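Below are the chains, spelled out letter by letter.
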Amino acid sequence: MIEWDEFGPEKVLEVYDPVMGMHGFLVIDNTALGPGKGGIRMTSSVTVQEVFRLARTMTWKNALAKIPFGGAKSGIVAEPREITAETRKALIQSFARAIKPLSPSLYIAGPDVGTGQEDMRWYAEANGSLKSCTGKPAEMCVKPGEECGIPHEFGSTGFGVVHSTAETISFLGLNIKDITVAIEGFGNVGSFVARHISVLGARVVAVSDRKGTVYNEAGLEIETLIKRKEATGSVTNYKPGTVLPTKELFELKVDILIPAALSDVITSENVNKIKARLIVEGSNIPMTPNMEEILHKKGILVVPDLVANAGGVISSYAEYRGYNPKKMFEMVERKIKNNTRTVLEHARSKGIKPRDAAMEIAVERVRKATRLRRETLEVAHVRG
Ligand code: NAD
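Residues numbered from 1 in each chain as written. Predicted model: local features only at pLDDT ≥ 70, side-chain atom pairs only at ≥ 80, totals over all residues. Heavy atoms only, no water.

## Concerning the state of the cysteines
The following threshold applies: Two cysteine sulfur atoms make up a disulfide if the distance between them is within 2.5 Å. Note on classification: 1.4 Å probe, protein chains only; a residue is buried when its accessible area is under 20% of the maximum for its type, exposed when over 50%, partly exposed between these limits.
Inspection of every chain in the model, using the stated rule, returns one disulfide. Each sulfur in the disulfide pair Cys141 and Cys148 lies 2.1 Å from the other. Judged by the sign of its S-S torsion, about 110°, the bond between Cys141 and Cys148 is right-handed. Classification of Cys141 as partly exposed rests on a relative accessible area of 29%. Residue classification places Cys148 among the buried residues on the basis of a relative accessible area of 11%. A disulfide-free cysteine, Cys133 has its sulfur positioned 14 Å from the sulfur of Cys141, the nearest such atom.

See below:
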């Protein structure tokens with residue numbers, strides 16, 4: 001069920017194309033700070049409720065990152081691994097045409113689970129405006145060198161997750177070189193997290209994908225792992241390492257756990273088996289706030305998704321503004337570090353968990369913008 005409240009959602013659209021068999025959703029949650037920004041999720045199980053929850057997360061994430069975007073998200077019901085590229089293009093373009101009256105004016109699309117840069121190319125082509133989505137291929141340029149696409153394949157989200165993790169480690173007075181890490185998922189976010197965090201000196205001991213978990217206490221060699229995954233389709237073919245069931249990753253004895261794949265993976269079934277002392281949410285909503293509360297009471301620090309994985313949306317804003325990749329990465333690092341530190345200090349000073357601290361800051365910003373918008377409309381109404 002969608003719960004409507006003082007923030008939104010402002011628009012919920014369900015679209016269906018009987019010719020193509022395209023079935024999709026768009027939820028524009030709140031546009032007080034700017035047009036709604038959020039990716040297109042393509043999975044066989046995506047629902048309007050899931051899209052709404054993700055859109056609401058975007059409202060807070062964008063507000064917290066201090067970028068002039070509101071919150072939105074969309075979804076197309078299809079299993080990307082079971083369709084041809086031709087069908088995929090047709091579905092994306094059908095969806096783009098169906099929601100064109102709202103995009104880019106109120107919705108700016110981007111990649112999410114199951115979609116990537118080629119989908120963004122097709123989306124922008126069908127929409128007719130390069131401003132209608134971000135995460136486009138690098139060669140899609142208005143002004144070569146400046147106003148070009150910044151595909152999410154550049155890995156800005158994983159890069160940001162690592163800077164959020166590093167800032168938290170320094171906040172806790174620890175040394176990243178003494179830290180062991182387990183990463184759930186080895187797609188766009190997970191693989192870049194693994195790469196960047198190992199460059200900073202942390203030891204990545206476990207990584208999972210849908211086929212299983214590969215574990216080696218001595219540490220995994222990340223560039224070799226990336227090549228193994230590319231060549232064979234799964235991290236479980238990496239050697240040397242022990243292969244465990246996918247879900248066991250969450251129960252390993254590591255310092256940091258980084259969920260970077262699916263929603264709701266930390267549940268009442270495994271929450272008490274977690275041994276990590278820090279969880280940094282690379283994926284969106286890997287657990288409910290109730291689970292975070294349980295972990296908080298046990299002294300396990302959870303850096304929430306809206307702080308940790310905002311690198312993607314910060315880079316989207318950089319692309320929207322026409323920045324080049326160098327300027328984008330500088331912006332992601334600066335904003336993510338500042339946001340993480342601000343939220344952790346606020347949480348510590350008030351004795352609350354980081355999600356509550358982040359929410360207090362984000363809600364206040366959205367509420368202020370909403371009030372301002374209402375006042376402006378009232379003035380216009382009186383004058384008109
Ligand atoms: P992706 O499709 O590139 O990768 C997903 C990965 O999850 C794949 O490696 C897949 O094998 C793995 N996976 C699937 N089922 C699994 C299972 N049961 N256990 C373990 N791994 C499993 O997706 P992504 O872009 O990396 O996104 C991952 C998460 O991060 C999502 O929650 C997404 O909303 C969030 N996120 C992504 C971005 C971005 O820029 N990519 C930005 C913000 C948030």
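Here the narrative resumes, following the displayed structure.
## Quick word on the sheet that holds strand β12 (residues 242–244)
Where we set the bar: In this description, strands pair whenever DSSP reports at least two bridges between them. Strands here mean DSSP runs of E at least two residues long; helices mean DSSP runs of H or I at least four residues long; both are numbered from the N terminus. Each axis is a line fitted through C-alpha atoms, and for a helix only the stretch in contact is used; angles between axes span 0 to 180 degrees, taken between their N-to-C directions. For this analysis, residues touch if any pair of their heavy atoms sits within 4.5 Å.
What the seven strands build is an open sheet, ordered β12-β11-β10-β9-β13-β14-β15; its pairing is mixed. Two strands bound the open sheet, and with one partner strand each, they are β12 and β15 (301–303). Neighbour-to-neighbour, the strand axes of this sheet turn through a mean angle of 20°, independent of strand direction. Against the sheet, helix α5 (residues 188–199) touches β9 (180–184), β10 (203–209) and β13 (256–259), its axis set at about 165° to β9.

## A closer look at the site of the ligand
Going by this rule: Whether a residue is near a molecule or strand is decided by its heavy atoms; if any one of them lies within 4 Å of it, the residue is near. Definition of a polar contact: a pair of N or O atoms within 3.5 Å, with one able to donate and the other able to accept a hydrogen when the atoms are protein atoms, and with sequence-neighbouring residues admitted only if both atoms are side-chain atoms. For every accessible area listed, the method is Shrake-Rupley and the probe measures 1.4 Å; residues are considered covered only by the protein chains on display. Nonpolar residues are Ala, Val, Leu, Ile, Met, Phe, Trp, Tyr, Cys and Pro. Charged residues are Asp, Glu, Lys and Arg, and all others, Gly as well, are polar. Where a domain begins and ends is set by an automatic assignment or by a domain database.
Around the ligand, the structure places 24 residues, and the nearest of them are Arg41, Thr157, Asn188, Val189 and Asn284. Asn188 is positioned such that a nitrogen or oxygen atom in its backbone is 2.9 Å from an oxygen atom of the ligand. The separation between an oxygen atom of the ligand and a polar side-chain atom of Asn284 is 2.8 Å. Within the complex, 85% of the 830 Å² of free accessible area of the ligand lies under protein. Where the shell around the ligand is concerned, the elements lending two or more residues are α5 and β10. Of the residues assigned to the shell around the ligand, the class counts are six nonpolar, twelve polar and six charged. Split by domain, the shell around the ligand shows at least three residues from each of two domains, domain 1 (11–63 + 70–141) and domain 2 (156–360).

## Concerning the side chain of Arg121
Take Arg121: it is sitting in helix α3 (residues 117–127). For Arg121, a relative accessible area of 18% corresponds to the buried category. What Arg121 contacts, discounting residues up to four positions off in sequence, is Pro137, Glu139 and Met140.

## A short note on the domain arrangement of the protein chain
The cut-off we apply is this: By buried area we mean how much accessible surface two parts lose on assembly, using a 1.4 Å probe and totalling the loss over both. Any carboxyl oxygen of Asp or Glu that lies within 4 Å of a side-chain nitrogen of Lys or Arg is treated as forming a salt bridge with it.
Here the protein chain is described as being made up of domain 1 (11–63 + 70–141) and domain 2 (156–360). Relative to domain 2, the C-alpha centre of domain 1 lies at a distance of 25 Å. Contact residues are listed per partner, giving 19 residues for domain 1 and 14 residues for domain 2. Interface area for domain 1 against domain 2, summed over the two sides, is near 1,500 Å², with a carbon-plus-sulfur share of 55%. Inspection of the domain 1/domain 2 interface yields two salt bridges. The shortest N-O distance in the salt bridge between Glu319 and Lys136 comes to 2.9 Å. Between the two partners, domain 1 and domain 2, sit seven residue pairs in polar contact (both at pLDDT 80 or more). At seven residues, helix α1 (residues 48–64) tops the list of elements feeding residues into the side of domain 1 that touches domain 2.

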